[in-house]
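Reading the structure
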Amino acid sequence: MTKLIIPEEDIILAVCIYIARQREIEPGEVKVELFYDDYSGFSAEITTVFGKQEIVTKHIISALREWIKENLHANPYAGLKLDLNRTNGIYARLRSEDD
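Residues numbered from 1 in each chain as written. Predicted model: local features only at pLDDT ≥ 70, side-chain atom pairs only at ≥ 80, totals over all residues. Heavy atoms only, no water.

**Quick word on the packing of aromatic side chains**
Inspection of the entire model under this criterion finds one aromatic pair. With centroids separated by 4.7 Å and ring planes inclined at 50°, the aromatic side chains of tyrosine 36 and phenylalanine 42 adopt a geometry described as tilted. Residue tyrosine 36 is classed as partly exposed on the basis of its relative accessible area, which comes to 34%. A relative accessible area of 12% means that phenylalanine 42 is categorised as buried. (Phe/Tyr/Trp six-rings, centres within 6.5 Å; stacked < 30°, edge-to-face > 60°. Buried < 20%, exposed > 50% of the residue type's maximum accessible area, 1.4 Å probe, protein only.)

Below is the structure:
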């Protein structure tokens, strides 16, 4: 089974682009900090000129799906899952289409 690993830096980039499009600002104007806790799962704190907001897992996944489709030209619905490694941080896994 082949899986593509998407590192935390690329997840942050995907969220920056996603939020920038929604707010009609540049991705460089968006700051993102990813979080995980056992109760609520994955989330991100977003800071822009409009203030701070928090997004939950489903929005992070939506951002990643857009980024995967546009940049990796892969099927963004092929088993995308967020995960956590205590040493390396948050990452995403995407199964290849032939799995």
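**A short note on helix H1 (residues 8–23)**
Given a rise of 1.5 Å per residue, 16 residues ought to cover 22 Å, and the 22 Å separating the end C-alpha atoms of H1 matches this to within 8%. Along H1, the positions that sit buried rather than exposed are Ile11, Ala14, Val15, Cys16, Tyr18, Ile19 and Ala20. Taken from the residues just after H1, glutamate 24 is the one with a positive phi, measuring 60°. (Helix = DSSP H or I, 4+ residues; strand = E, 2+ residues; numbered from the N terminus. Expected span 1.5 Å × (residues − 1).)

**As for the pattern of salt bridges**
Under the counting rule described, the total for this entry stands at four salt bridges. The salt bridge partner of glutamate 45 is lysine 52, with a shortest N-O separation of 3.9 Å. For aspartate 83, the salt bridge is made with arginine 93, and the minimal N-O distance between the two is 3.2 Å. Of the two residues, aspartate 83 sits in strand S5 (residues 81–85) while arginine 93 sits in strand S6 (residues 89–95), which places them ten residues apart along the sequence. (Salt bridge = Lys/Arg side-chain N within 4 Å of Asp/Glu carboxyl O.)

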